[in-house]
Amino acid sequence: LFLGESADYCGALEFAGLGVTAAVYAQHRPPLTRLRANELAAALPPRRRSSHKGDHGSLLLLGGGLGMPGAIRLAAEAALRVGAGLVRVATRPENVGAVTAGRPEVICHGIDSPRQMEALIAASDAIVVGPGLGLSDWAQGLWRAALSSTKPMVIDADGLNLLAATPLPATDAARILTPHPGEAARLLKWSTADIQANRLRAVNTLSEDFDAITVLKGARTLVACPGDDPTAVCDRGNPGMASAGMGDVLTGVIGGLLVQLRDPVAAARLGVLLHALAGDSAAGDGERGTLAGDLMPHLRQWVNP
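So, how was this worked out
- Numbering of residues starts from 1 in every chain and runs along the sequence as written.
- For a predicted model such as this one, the threshold for reporting local features is a pLDDT of at least 70, and the threshold for listing and counting side-chain atom pairs is 80 or more; totals across whole chains, interfaces and linings nevertheless cover every residue.
- Calculation of side-chain values draws on the structure's entire complement of heavy atoms; hydrogens and water are dropped beforehand.
- Strands here are runs of E lasting at least two residues and helices are runs of H or I lasting at least four, both read from the DSSP assignment and numbered beginning at the N terminus.
- We compute the radius of gyration from the C-alpha atoms alone; for a globule the expected value is 2.2 Å times N to the 0.38, where N is the number of residues.
- Here, two residues are considered to be in contact whenever any of their heavy atoms come within 4.5 Å of each other.
- Here the accessible surface of atoms and residues is derived via Shrake-Rupley with a 1.4 Å probe, and residues count as covered only by protein chains that are part of the display.
- Helix axes are fitted to C-alpha atoms over the stretch in contact, other axes to C-alpha atoms as well, and angles between N-to-C directions run from 0 to 180 degrees.
- Any angle that is under 35 degrees is reported as roughly parallel, and any over 145 degrees as roughly antiparallel; angles of 65 to 115 degrees are reported as roughly perpendicular and all others as oblique.
- Each crossing is labelled by how the near helix is turned from the far one, with a counterclockwise turn of less than a right angle marking it left-handed and a clockwise turn marking it right-handed.
- When residues are sorted by character, Ala, Val, Leu, Ile, Met, Phe, Trp, Tyr, Cys and Pro go into the nonpolar class, Asp, Glu, Lys and Arg into the charged class, and all the rest, Gly among them, into the polar class.
- Here's how the labels work: a residue is buried when its accessible area is under 20% of the maximum for its type, exposed when over 50%, partly exposed in between, all with a 1.4 Å probe on protein chains only.
- The rule for pairing is simple: two strands pair if DSSP sees at least two bridges between them.
- In a helix, the anticipated span is given by 1.5 Å times the number of residues less one.
- Salt bridges are defined as contacts in which a side-chain nitrogen from Lys or Arg sits within 4 Å of a carboxyl oxygen from Asp or Glu.
- For a crossover, the right-handed case is the one in which the path from the first strand over the helix to the second runs clockwise, viewed with the strands pointing away from the viewer.

Asker: Looking at this structure, how should I read the overall build of the protein?
Answerer: Scanning the protein from terminus to terminus reveals 13 helices and 10 strands. For a compact globule of 305 residues, the expected C-alpha radius of gyration is about 19 Å, and the protein comes in at 19 Å, within 12% of that figure. For the protein, the spread of C-alpha atoms along the three principal axes comes to 60 × 45 × 40 Å. Sequence separation of at least 24 residues holds for 64% of the intrachain contacts in the protein that already meet a minimum separation of 6. With the model as given, the accessible surface of the protein reaches about 14,100 Å², and the carbon-plus-sulfur share is 53%.

And the structure:
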């Protein structure tokens, strides 16, 4: 009912509990648990009236190769919209104007050399690497700089393509991978069809092989963690979200939550849920034609449960 192409065949679901008690359920480990909207209120209480931006985390996003400012700009704005206190972008110098013109609240740095990354990494609580990054020598320099840090990291897009060729060094820092099926196939050396036919096994294998929290995107996105916690499934979201930039927004949402919550598992789970709920709100007037940027005001709504 929740995996693969089941969404095309499954209508409205009703649950009949038959009086089975919570104590009975507690004796069993399910293969899947649903992400539920009531998790948001527990994790995102109202802020103290005296709080300031330094209380809500500093996020650094690396990406935006030559001619590719859009992805990193979307990710950065999404991080701000879910409440990150300070958001910095490291990108090609040619992209600085495009990023800041659309969202001046983003602190944007034009980077020529990986050495320029040291101070930015030191000042950040977590790193996002990948949106629009590319695979150039410049991109690989930023990738190596990110890997040399001990900060929690969200890896997406070209970061995942680089990861497929460069194993992660051993670290105690949390890593969150956010592949779509094609990227998951490259990481596992499976076919994309195999990923889609075995999504639960794929996400669990990725999590174990890379010792990372893994978000396998798509209809019914899955979130797997190393260890014994059940994999989570998100049954929110809609086909209107199958458009360019949606993954970049998700990456920014997870990064923005990571620096606030300081809990990588919660950031991944709630990031997926928030993104899907915002997508459903944005598609209220019709799914087809929904843009990634349409989610921004709805992210703000849902992050204030």
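The rest of the description comes next.
Asker: What should I look at first to understand the packing of helix α11 (residues 246–261) against helix α12 (residues 264–282) in this one?
Answerer: Each pair of packed helices can be summarised by the angle the axes make with each other and by the distance between the axes. Interhelical geometry of α11 versus α12 gives an angle of 140° and a closest axis separation of 8 Å. What the angle tells us is that α11 and α12 run oblique. Crossing of α11 against α12: the hand is right-handed. Each of Met246, Val249, Leu250, Val253, Ile254, Leu257, Leu258 and Leu261 in α11 lies in contact with α12, whose residues at this interface are Pro264, Ala266, Ala267, Ala268, Leu270, Gly271, Val272, Leu274 and His275. Taken together, the residues of the contact of α11 with α12 sort by class into 15 nonpolar, two polar and no charged.

Asker: Would you mind going over the side chain of Ser124 with me for this structure?
Answerer: Relative to the helices and strands, Ser124 resides in the loop between α5 (117–122) and β5 (126–129). On the basis of relative accessible area, Ser124 is assigned to the buried category, the value being 3%. Ignoring anything within four residues of it in the chain, the contact list for Ser124 reads Ser58, Leu59, Leu60, Arg88 and Lys151.

Asker: Hey, could you run me through the sheet that holds strand β1 (residues 32–34) in this one?
Answerer: Hydrogen bonds between backbone atoms are what pair the strands of a sheet, whose relative direction is either parallel or antiparallel. With respect to topology, 10 strands assemble into an open sheet ordered β1-β10-β9-β8-β7-β6-β5-β2-β3-β4, the strand pairing being mixed. Two strands lie at the open edges of the sheet, namely β1 and β4 (107–110), each paired on one side alone. Between one strand axis and the next, the sheet turns by 20° as a mean value, whatever way the strands run.

Asker: Would you explain helix α3 (residues 69–81) in this entry?
Answerer: Residues lying three or four places apart along an α-helix face the same way, a consequence of the helix completing one turn every 3.6 residues. Relative to the 18 Å expected for 13 residues at 1.5 Å per residue, α3 spans 18 Å between its end C-alpha atoms, a close match to the ideal helical length. Restricting attention to buried positions, one finds in α3 the residues Ala71, Ile72, Arg73, Leu74, Ala75, Ala76, Glu77, Ala78 and Ala79. Its buried side turned inward, α3 meets β2 (58–62), β3 (86–91), α4 (96–102), α11 and α13 (296–302). At the C-terminal side of α3, Gly83 shows a positive phi close to 110°.

Asker: What exactly am I supposed to notice about helix α7 (residues 158–165) here?
Answerer: Taken as a whole, α7 has its buried residues at Asp158, Gly159, Leu160, Leu162 and Leu163. The secondary structure elements touched by the buried residues of α7 are β5, α6 (137–147), β6 (153–155), β7 (175–177), α8 (181–188) and α10 (199–210).

Asker: Looking at this model, I keep getting lost on the pattern of salt bridges. Mind explaining?
Answerer: Side chains that carry opposite charge are capable of pairing whenever their charged atoms lie near each other. Following the criterion strictly, the structure yields 10 salt bridges and no others. Residues Asp55 and Arg48 are paired through a salt bridge, measuring 3.2 Å at the closest nitrogen-oxygen approach. Take Arg48: its relative accessible area is 52%, and that puts it in the exposed class. Across the pair Arg103 and Glu77 runs a salt bridge whose closest N-O atoms are separated by 3.2 Å. Taken together, the residues span a long stretch of sequence, with Arg103 in the loop between α4 and β4 and Glu77 in helix α3 at a distance of 26 residues. Classification of Arg103 as buried rests on a relative accessible area of 18%.

Asker: Help me out: how do you make sense of the pairing of β2 in this one?
Answerer: Within β2, five of the five residues are buried, which leaves it mostly tucked inside the rest of the structure. Residues Ser58, Leu60 and Leu62 point to one face of β2 and Leu59 and Leu61 to the other, with burial holding for every one of them. For β2 and β3, the ladder comprises five bridges, and the chain directions are parallel. Bridged to Ser58 within β3 is Leu86. Crossover handedness for the path β2 to α3 to β3: right-handed. Here β2 pairs with β5 via four bridges, running parallel.

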